[in-house]
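The lines below spell out each chain.
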Amino acid sequence: MFRSKLLYCVLAAVVFLTGCERYQQHPLDSTAIIQSVDAVRRGPVIDAGSARKPLTFSAAAELAAIHSPALRDALAEYRSALALACVKTPLPNPSVEVGPRFGFGPDVIRRRVEPFGSIGFAIPTGKRLKRQDELNRINAEMANVEYVAKHRETYLALRKAYAELTLSRLRLTTRKSILESAAKTSILNKKQVENGQITALDVVLFELDAGRMKGESLDANFDIANAESTLAELVGLNWEALGALPENSLPQPPTTIPPPVELKKILAANHTDLARLRVKYEAAEAQLRLEIAKQYPDFKFGTSGEGDINDRKTLIGLTLGIDVPIFDRNQQAIAAAKGKREELRTKYEAAANRALASLDRAVRAVQLASEKLEFLRNELLPLAKQSLELTQKSVDIGASDSFRLLENQRAQRTVTLSVVDAELVFRRAWVDLEQAVGYPLMLFPEEPKGAMPALPDLGNACILPSNLIAPPVEAQK
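This text gives an overview of the structure that appears in the document. (Residues numbered from 1 in each chain as written. Predicted model: local features only at pLDDT ≥ 70, side-chain atom pairs only at ≥ 80, totals over all residues. Heavy atoms only, no water.)

A look at the overall build of the chain
For the record, the criterion: Strands here are runs of E lasting at least two residues and helices are runs of H or I lasting at least four, both read from the DSSP assignment and numbered beginning at the N terminus. Using a 1.4 Å probe on the protein chains alone, a residue whose accessible area is under 20% of its type maximum counts as buried, one over 50% counts as exposed, and one in between counts as partly exposed. It only takes one pair of heavy atoms within 4.5 Å for two residues to be counted as in contact.
In terms of helices and strands, the chain carries 10 helices and four strands. Overall, the chain shows an N-to-C arrangement of helices and strands of α-α-α-α-β-β-α-α-α-α-β-β-α-α. For the chain, buried positions account for 36% of its 477 residues. A separation threshold of at least 6 residues defines the contact pool for the chain, and within that pool the share at least 24 residues apart is 81%.

Set out below in structure tokens:
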């Protein structure tokens, strides 16, 4: 009888073992992956007869949401954490022990070997399993917040890169316009040489200055190349797949900076570093609750059976037990969890301090950049144009020489380019302010009004998406 029961126990253990999941190989084909990624980076194939639409900012944001390497990394980490959160923490496995008992000595009458076996179970007395599920859920939530934060940071970086590329191309267009004006001046100078108004040396000086401007225009191509590469990296495509940008593609900055109280409210709700630390603090709380639950030992019970070597009988035993937590009450793990929680609280305070300092710096930068742009555009540029016109008239009537004209042309060109550079600095300052608060403060053409675009559907069936970085009401006005 006992032998048959022992056989059933062994068979049950074999069935449990064969029910485990087995390894399936999934090799990494490096060559195929590189070819596939390269094909995606080159963008869709466009027919020769069809015209490519200009790349708007909204279209660039949609491409970044799909192809951005940073977002794909964060999404993979989120799905990995979600896979664990979707599986509940199981109960402890029962333990099965079987083996022979050997008998020795002159009193052994029947058999010298008898089998014995036992099976034991452990039932958690505390909330250890529940706390472990909570921790897994918070870890998945933390990965989700990281994905949301990366999406926001990529979105804001994309705004900066898009504006940089637009202004870099505008800067090159301005330089080309200056070159065209210099070419017309060169034709006029040749006529003046024929009329004896200026000398050939004057013409050489003008042409030398025009050559210097052409060299500066070639340098501007490097700025465009860098801006295109940055934008292409953010959207996950090759720079050649970007194409042209639409006209008037830049947002119109607000006339005034939002009040400090409103900016701080937007920062508190949208700053990505603060959001990361908040969910890390929640994870530390969950870890502390888990370690406290581990103080309580599991309740153990089981049965055992064995045969008697001398008699034809089977002995069945029932065991009940629990570890007495006299010495080890998980003190070290609890102390470490408490320390981690306080560490994150301190880090959150430090991060808030740094965020407010960055906000103050960004506000001052916008104010100073606005003052400089207004001065160059409204005062210095008209003055430079007026000076050039007066000098040109003086040269035409012979009251001034060509060197004075050349100096005024250089001054007018320098001021014109300074206005373009000042606008670039001004818009950079506004983007830096957006990044300081973690939320857009000005809208691109065709950009959704009031909030960032919705995140892609992650197919989350286990936990709800995070709302730790929900856009505030103040930011939607």
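Focus on the environment of Arg377
By the secondary structure assignment, Arg377 is in helix H9 (residues 331-396). C-alpha of Arg377 to C-alpha of Val420: the two residues are 43 residues apart in sequence and 9.3 Å apart in space. In contact with Arg377, other than residues within four places in its own chain, are Pro382, Val419 and Glu423.

Description of helix H3 (residues 57-67)
This is how the line gets drawn: Directions are taken from the helix axis to each C-beta atom, and the arc is the one they span.
Listed in full, the buried residues belonging to H3 are Phe57, Ser58, Ala60, Ala61 and Ala64. Along H3, the residues classed as buried sweep out an arc of 160° about the axis, all on the same side. Structural note: H3 exposes Glu62 and Ile66 on the side pointing more than 90 degrees away from its buried face.

Re unusual backbone geometry
Not every positive phi belongs to a glycine, and Asn330 is a case in point at roughly 60°. Topologically, Asn330 is positioned in the loop between strand S4 (314-322) and H9.

Regarding the packing of H3 against helix H4 (residues 69-85)
Formally: For helices, the axis comes from a line fit to the C-alpha atoms of the stretch in contact; other axes are also lines fit to C-alpha atoms, and the angle between any two N-to-C directions lies between 0 and 180 degrees. An angle below 35 degrees is treated as roughly parallel, one above 145 as roughly antiparallel, one from 65 to 115 as roughly perpendicular, and anything else as oblique. Ten residue types, Ala, Val, Leu, Ile, Met, Phe, Trp, Tyr, Cys and Pro, are classed as nonpolar, four, Asp, Glu, Lys and Arg, as charged, and the remainder, Gly among them, as polar.
Where H3 contacts H4, the axes come no closer than 6 Å and their chain directions differ by 40°. The angle between H3 and H4 falls in the class oblique. Of the residues in H4, those touching H3 at Ala64, Ala65, Ile66 and His67 are Pro69, Leu71 and Arg72. Its residues assigned to classes, the contact of H3 with H4 comprises five nonpolar, one polar and one charged.

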